[in-house]
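Survey of secondary and tertiary structure
Each chain is listed here by its residues.
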Amino acid sequence: MNSLWLSQCWALMRSRVLEMLRDRATLMWNLVFPVFLIVSFAFAFDGQRARFTIVAPQQFDLMTGGWYEFLHNSLIRVDWQDEPLESLDKLAKHQVDMIVDPLGNAYWINQNSANAYLLEKVLLQIMGPNQGLVRHRLEGEPIRYVDWVFPGIIGLNLMFSALWGVGYALVRYRRNGVLKRLQATGTSASVFMFAQLGARLGLLLVMVTVLFIGLDWVFEFPVVGSFGTLLLVYLAGACAMLALGLLLAASTQSEELASGLINFISWPLVLLSEIWFSLEGAHPLVAGLKQASPLWHMIDAARAVMYDAATLTDVLPQLGYVIGFAVVVMALGAKLFKWR
Amino acid sequence: MSQPILEAQNLVKRFGDVIAVAGVDIALYSGECLGLLGENGAGKTTTIEMLENLQDPSEGEVRYKGAPLPSNFAERIGVMFQATALPDKLTVLETLTLFRSLYPSAASLDELIARCDLGDLLGQEPKTLSGGQRQRVLLALALVNQPEILFLDEPTAGLDPSARRRLWEIVKQLRAEGVAILLTTHYMEEAELLCDRIAIMQSGRVVNQGRTHELLSRYTQERIVELPRRVMSQLPEGTQYSEQGDWLEIVVPDLNVALGRWLDAGIDLRQMTIRAVSLEDVFLMHFSDQAAEAGDE
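Residues numbered from 1 in each chain as written. Chains lettered and ligands numbered in written order. Predicted model: local features only at pLDDT ≥ 70, side-chain atom pairs only at ≥ 80, totals over all residues. Heavy atoms only, no water.

Attention shifts here to the overall build of chain A. Across its full length, chain A carries 13 helices and five strands. When its C-alpha atoms are laid out on the principal axes, chain A stretches across 90 × 40 × 35 Å. A separation threshold of at least 6 residues defines the contact pool for chain A, and within that pool the share at least 24 residues apart is 78%. Just so you have it, chain A exposes about 16200 Å², and 63% of that area is on carbon and sulfur atoms. Across chain A, the 24 positively charged side chains and the 25 negatively charged ones have centroids separated by 18 Å. (Helix = DSSP H or I, 4+ residues; strand = E, 2+ residues; numbered from the N terminus. Contact = heavy atoms within 4.5 Å. Areas by Shrake-Rupley, 256 points an atom, 1.4 Å probe, with all protein chains shown as cover. Lys, Arg positive; Asp, Glu negative; His and termini not counted. Charge placed at Lys NZ, Arg CZ, Asp CG, Glu CD.)

Right, dumping it as structure tokens:
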């Protein structure tokens, strides 16, 4: 890497950043759109869930008696699980209200949950005194829908900004001859691409940070993990999305085709990446496809870091997948890149 | 003649079954302006792009100072394409600064600004520039690396006469400074004024090539006579003419002989105009000859 390479790269990066900053409408949209989504979801899903949710073991499905009466109630939704205690995290986050183990005559509640308090009253009423019920209590603040959806919205914003900001912009420059003019200067494709990705990456990270700080100030997300790890997760995710944008634009000639390709790629990613809702219990094929989405790995890792205090080691598998995806796709994009 | 700074030897370019350039030999010398003329689709732009090293020839070779093109050839040439956009959101000054940074050595900003008269445009974005101003910026970009060879692909297309003249002055100055210039244009007046030599391309080949004044001197005796269309039926049998609206254009090898015959035939010559053969006439005569030959075949 010589000084000319660096000077070319810096000049191209600086110019691209200036262009992006001056494209006020797009810039504002990238900032305003996620805020709009978060605020909308915060209002739309502000209320408590109407039903009580209890996790119970599968084998208890046919059992009768007091437990049967307690669980077969129209106000209660039972989530039958092979391993109910795997849902202790959800209980801590108020995503379920109670876990029961009828065979062990035991139940788990979150002592900070009003729903759990009411359910316990009903359970004790139905079972009657002296039943030897074993009560386990844990603590934890509730996770609101807005908390859950927030990492996904950030991921969504990263994806669209990267795909349109790099992919579409490159195709436009190819169409109007700017790329051809740059080629005539002898600038190498690697310098040009590195500068494009670097400029967009820098801007994306600044935008994510601004959004994060701003929205966290308003909604007070219960973040318990490391911000450094979270930044690494989003950095890797942004690289993967930028690489995807580069691949889509590598040799695409028309803006119409570029828009079609971006939509063709982005919407399945949106649906498969648990941005709006969990795919738990979905068809195994969907679950399999989800695993292939770098966006899902990024969002899943971000949620784990934010709300489960996952460490860098914990999210290493997701990070590895996302970085691997970025490297492979970027290499492919670089190989297919055409100035014209 | 000294060694050419740039030389094309039997350049061929195929796109699938289509042959865009079918064996072009061209030499360009320092301090001269070579005009590459031809109708649309003649293969001029493809030829230029091979000379610029932006496209690989299917056959043949481009040589720089007698040797294969060096790896840093791009640093020695300046390029002004036929239709190029400028980066949308950058000012003229920022665009110049960007392009200067892409080369290991560059002309001073002040020199570029003065030469291309960009002083009042530095803070403007491309969308606010007129056609002439935009072309001057594009020319400045082609000059940021102080090129030895300058490629100008229809630099004045669509410009008003005064903007064209301003660009011509810059090109003349560059030529005087020793820059080798390859120019394509559809304006014959421009080619006649700026080019030391002319190469005419047709169907991917150079079909006529020579010094501009030599091409014109082949026609020193000839004159172009324009007569009103109404005298057409009175013209002596065998007179060759081309119709230009209400006028007939006749190339006459000997004006005295022609005038004598027409007076004998009782043709009213009061509205007649006479002029010398221009490069445009040479160009048109060449293509009408080719068309006639093709028709005969």
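Attention shifts here to unusual backbone geometry. All names here are of chain B. Phi is positive for N53, which is not a glycine, with a value near 70°. Turning to its location among the elements, N53 is positioned in the loop between α1 (44-51) and β4 (59-64). One non-glycine residue, E154, lies in positive phi territory at about 50°. Relative to the elements of secondary structure, E154 occurs in the loop between β7 (149-153) and α5 (161-176). With a relative accessible area of 11%, E154 lands in the buried category. (Buried < 20%, exposed > 50% of the residue type's maximum accessible area, 1.4 Å probe, protein only.)

So, on to the packing of aromatic side chains. Residue and element names in this part refer to chain A. Per the counting criterion, the structure on display carries 13 aromatic pairs over all chains. Measuring from ring centre to ring centre gives 6.1 Å for F192 and F337, while their planes differ by 35°; the resulting arrangement is tilted. Here F192, found in helix α8 (residues 189-219), pairs with F337, found in the segment after α13 (316-336); they are 145 residues apart in sequence, far enough to count as distant. The burial state of F192 is the same as that of F337; both residues are buried. Taken together, a centroid distance of 5.4 Å and an interplanar angle of 80° make the contact between F337 and W339 edge-to-face. Per residue, the accessibility class of F337 equals that of W339, and both read buried. (Phe/Tyr/Trp six-rings, centres within 6.5 Å; stacked < 30°, edge-to-face > 60°.)

All names here are of chain A. A cluster of nonpolar side chains, M28, V32 and F36, forms an exposed patch at the surface whose accessible area comes to about 300 Å². The residue V32 is located in helix α2 (residues 24-44) in this model. Given a relative accessible area of 43%, V32 falls into the partly exposed group. (Patch = residues over 30% accessible without salt bridge, like charges linked within 9 Å, V, L, I, M, F, W, Y side chains within 5 Å. Salt bridge = Lys/Arg side-chain N within 4 Å of Asp/Glu carboxyl O.)

Another aspect to go through is the pattern of salt bridges. The full count for this structure, using the stated rule, is 21 salt bridges over all chains. Several salt bridges converge on common partners, so that one network encompasses K180 and R340 of chain A together with E49 of chain B.

Residue and element names in this part refer to chain A. Where helix α6 (residues 145-175) meets helix α12 (residues 294-308), the closest approach of the two axes is 9 Å, and the angle between their N-to-C directions is 140°. With respect to α12, the element α6 is oriented oblique. The interaxial crossing formed by α6 with α12 has right-handed handedness. Between α6 and α12, the residues in contact are D147, W148, V149, F150, P151, G152, G155, L158 and M159 and L295, M298, I299, A302, R303, M306 and Y307, respectively. Looking at the contact of α6 with α12 residue by residue, the classes come out as twelve nonpolar, two polar and two charged. (Axes fitted to C-alpha atoms, helices over the stretch in contact; angles between N-to-C directions. Parallel < 35°, antiparallel > 145°, perpendicular 65-115°, else oblique. Left-handed = near helix turned anticlockwise from the far one by under 90°. Nonpolar A, V, L, I, M, F, W, Y, C, P; charged D, E, K, R; others polar.)

It is worth spelling out the domain arrangement of chain A at this point. According to the domain assignment, chain A consists of domain 1 (3-44 + 144-336) and domain 2 (52-138). In this structure, domain 1 of chain A and domain 2 of chain A have C-alpha centres spaced 41 Å apart. (Domains from an automatic or database assignment.)

Take the sheet that holds β4 of chain B next. Residue and element names in this part refer to chain B. What the four strands build is an open sheet, ordered β2-β1-β4-β5; its pairing is antiparallel. Where the open sheet ends on each side, the last strands, each with one partner, are β2 (18-28) and β5 (67-68). Here five bridges tie strand β1 (residues 6-15) to β4, and the two strands are oriented antiparallel to one another. In the strand pairing of β4, Q9 is matched with E61. (Pairing = 2+ DSSP bridges.)

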